Amino acid sequence: MNLRTLLLVAVPALAMNITASAQVLSASKGESKFFSETPLENIAAANSKVKAALNPATNQLAVKMAMTDFEFPNKLMQEHFNENYIESEKYPNASFEGTINEKIDWKKPGTYPVTAKGMFEIHGVKQPRTLTGKLTIEPGKITLVSDFIVALEAHKIEVPKLVMMKIAEQIKVQNKVEFANKG
Amino acid sequence: MKRLFILAFLAGGPVFAQTDLLSNLDAEPTTRPVTATFKSTRLLNGHTVETIKAKHLDFRISHRFDRINKGVDEFFGLDYATVRLGLEYGINDNLTFGIGRSTIEKNLDSYLKARLIRQTKGSRSFPVTISALGTLALDPRKPAQGGEFKVYSERLVGSGHLLIARKVSESFSLQLMPTAIFRPSPVKPGQTQVIPSVGIGGRLKFNKRMSINAEYYWVDQNRLKTGQPFATYNPIALGLDIETGGHVFQLIFTNSFGMIEKQFLTQTGGAFGGQFEKGDIHFGFSVSRTFSFDH
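Fair warning: this is a prediction, and the values are worked out from it, not measured in the lab.

A few words now on the overall build of chain A. Scanning chain A from N- to C-terminus turns up two helices and eight strands. Sequence-ordered secondary structure for chain A, helices as α and strands as β, is α-β-β-β-α-β-β-β-β-β. The buried share of chain A, taken over its 183 residues, is 48%. Long-range pairs, those at least 24 residues apart, make up 57% of the contacts in chain A with a sequence separation of at least 6. Here chain A has roughly 9900 Å² of accessible surface; of this, 58% comes from carbon and sulfur atoms.

Here it is, written out as structure tokens:
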């Protein structure tokens, strides 16, 4: 490879690198919490290693988290969650990939209600979802918050009859991701 | 120099060159511990590498019935049962302390198990989980109950184990158990005799909540039989684990009548067990219920 061909490859690659990284915001310390509430037992767990990417130019949004990063106060529950319910060996991640529907002026600070249409995947089952949330633009950061419900049955997460009374069929999920706002 | 400069830029690469945001979020390889190598702290008769989770108390009720080949008159052994009741506590996630009481010879037992290193996968992977286990059994019987001892130390039998396990796949785990048994010498009063032993065992999970387990201990029978009035055999066991979230049920078929290390390693024979291949098989089961003191 001579110098000219190297330059030929390197310059466009470098250019893409600069423009793309200026456009896409990413976060790796997002938070996701879930709650299962029944008269018999309340279960809560939190994941503070949620990864997300946001492209303000196209309104595209992607969120991904590892199931094994969910921390339970009760470690036996954590083991059961991974082993018996979510099967994290087979289905290691949950993700959402979609587009924010509203037109957003990313330069203007403020709080905006938003909806995002896309594909939500957990336990290997994909479902088209429109999630609602709140977008807060501040000078230094962009915060995206969204609460939604995961129905266990819709994602083929089985609960044995013996413990059915202890685990809610509808799991509440709270998510929060902060992007550093360079723009 | 120039060339190096350009190469350095190339290595930087187009990080988000494509519109596919999701695939760019693929996790960088991190190190994760492998969990749930086994469902329970016991494989069948003996221990697994698993410890009780921090601040959890496990109440374990174990039964062994008489030999199945006693036939229909004894309801295939079910007319007679022995029990071990045990309490086991997770001091932290890697250290478990347990005590128990057996019907057989009214033995009291205790154990301490420490998980030394965990199998991990990811950027820094380690192939096995290793736990160290020490057990001590005490025979507290009075002379009228059959406890004839010259010195107190003759009541004690201990064992030390290294438990080395690998979760080969989601459904298959294998464990090796190098063991040393410490018992009062039957020929030199007041002295301790060390008997080497090694066990091998494994489990095959066939659905999310059930697995088939097998376990075998080789014990140096030449040393074990010295000064003993009956022949002893190596303990072997086959069984089924059923886990229901908080409860683990374990069904077992074994040639050993005893449920603690002292009993199944040194007393499988005579009244307390026999030859598996001749049908001297005991049916038994354990129920373990875990209570959490977390919140």
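Read on for the rest.
Looking now at the confidence of the model for chain A. In the predicted model, chain A carries a mean pLDDT of 88, and 87% of its residues have values of at least 70. Across residues 16-21 of chain A, confidence stays below pLDDT 50; counting only partners more than four residues off in sequence or on other chains, it has ten contacts.

This part covers the pairing of strand 5 (residues 108-117) of chain B. Residue and element names in this part refer to chain B. With seven bridges joining them, strand 4 (residues 95-102) and strand 5 adopt antiparallel strand pairing. Following the sheet pairing, I99 is matched in strand 5 by S110. Taking the residues between adjacent antiparallel strands as the criterion, strand 4 and strand 5 are bridged by five residues, where E105 takes a positive phi near 55 degrees. In this structure, strand 5 lies alongside strand 7 (residues 129-138), joined through nine bridges in antiparallel fashion. What sits directly across from S110, in strand 7, is L136.

For the rest of this paragraph, the subject is a nonpolar patch on the surface. Residue and element names in this part refer to chain B. Together, V168, F172, L174, L176, V198, I200, L204, F206, I212, Y216 and W218 make up an exposed nonpolar region whose accessible area comes to about 940 Å². Looking at the nonpolar patch, the elements that each hand over two or more residues are strand 9 (172-184), strand 10 (192-205) and strand 11 (210-219). In this fold, Y216 is placed in strand 11.

A word on the sheet that holds strand 4 (residues 93-100) of chain A. All names here are of chain A. Ordered by their spatial adjacency, eight strands build a closed barrel running 1-2-3-4-5-6-7-8, and the pairing between neighbours is antiparallel. Across this sheet, the average inter-strand angle for adjacent strands is 25 degrees, counted without regard to direction. Across five bridges, the pairing between strand 2 (residues 42-55) and strand 3 (residues 60-66) is antiparallel. Across the sheet, residue A52 finds its bridge partner in strand 3, namely V63.

This next bit is on the side chain of B:S159. All names here are of chain B. Note on placement: S159 falls in strand 8 (residues 156-167). Engagement of the side chain of S159 in a polar contact is seen with the side chain of T135, the distance being 2.6 Å. Polar contacts involving the side chain of S159 include one to the side chain of H161, which spans 2.7 Å. Non-local contacts of S159, meaning those with residues more than four positions away in its chain, are made with L133, G134, T135, A180, I181, F182 and E261.

Let us look at empty space enclosed by the protein. By the definition in use, this model includes six cavities of 30 Å³ or more. Within this model, the largest cavity holds a volume of roughly 250 Å³. Lining the largest cavity are 21 residues, with A:L76, B:K39, B:S40, B:V248 and B:T290 sitting closest to its centre. Ranked by residues supplied to the lining of the largest cavity, first place goes to helix 2 (residues 75-85) of chain A with four residues. Computed from the structure, the second largest cavity encloses a volume of approximately 90 Å³. Lining the second largest cavity are 13 residues; nearest its centre among them are B:D109, B:S110, B:T135, B:I260 and B:E261. Taken together, the residues of the lining of the second largest cavity sort by class into five nonpolar, three polar and five charged.

What follows is about the pattern of salt bridges. For the coordinates displayed, the defined rule picks out 23 salt bridges over all chains. For the salt bridge of B:R42 with B:E88, the shortest nitrogen-to-oxygen distance reads 3.0 Å. A residue pair is termed long-range when its members are at least 10 positions apart, and B:R42 in the loop between strand 1 (32-33) and strand 2 (56-67) and B:E88 in strand 3 (residues 81-92) qualify at 46 residues. Side by side, B:R42 and B:E88 carry an identical accessibility label, which is buried. Here B:E170 ties to B:K205 by a salt bridge, and the two come within 3.4 Å at their closest N and O atoms. Within this pair, whereas B:E170 is found in the loop between strand 8 and strand 9, its partner B:K205 is found in strand 10, the two being separated by 35 residues in sequence. Assessed through its relative accessible area of 10%, B:K205 is described here as buried. Each of A:E83, B:K39, B:K167, B:E170, B:K205 and B:E243 takes part in a single network of salt bridges with overlapping partners.

What follows concerns the environment of A:N82. Residues and elements named next belong to chain A. Take N82: it is sitting in helix 2. Judged by its relative accessible area of 10%, N82 falls in the buried class. Considered as a pair, N82 and F70 are twelve residues apart in the sequence and their alpha carbons are 9.2 Å apart.

Cut-offs and rules
- Residues numbered from 1 in each chain as written.
- Chains lettered and ligands numbered in written order.
- Predicted model: local features only at pLDDT ≥ 70, side-chain atom pairs only at ≥ 80, totals over all residues.
- Heavy atoms only, no water.
- Helix = DSSP H or I, 4+ residues; strand = E, 2+ residues; numbered from the N terminus.
- Buried < 20%, exposed > 50% of the residue type's maximum accessible area, 1.4 Å probe, protein only.
- Contact = heavy atoms within 4.5 Å.
- Areas by Shrake-Rupley, 256 points an atom, 1.4 Å probe, with all protein chains shown as cover.
- pLDDT = per-residue confidence, 0-100.
- Pairing = 2+ DSSP bridges.
- Patch = residues over 30% accessible without salt bridge, like charges linked within 9 Å, V, L, I, M, F, W, Y side chains within 5 Å.
- Salt bridge = Lys/Arg side-chain N within 4 Å of Asp/Glu carboxyl O.
- Axes fitted to C-alpha atoms, helices over the stretch in contact; angles between N-to-C directions.
- Polar contact = N/O pair within 3.5 Å; in protein donor to acceptor, adjacent residues only side chain to side chain.
- 1 Å grid on protein atoms, 1.4 Å probe; cavity = no way out; pocket = protein on both sides within 12 Å on 5 of 7 lines; lining within 4 Å.
- Points joined across faces, edges and corners; volume = space filled by probe spheres on them.
- Nonpolar A, V, L, I, M, F, W, Y, C, P; charged D, E, K, R; others polar.

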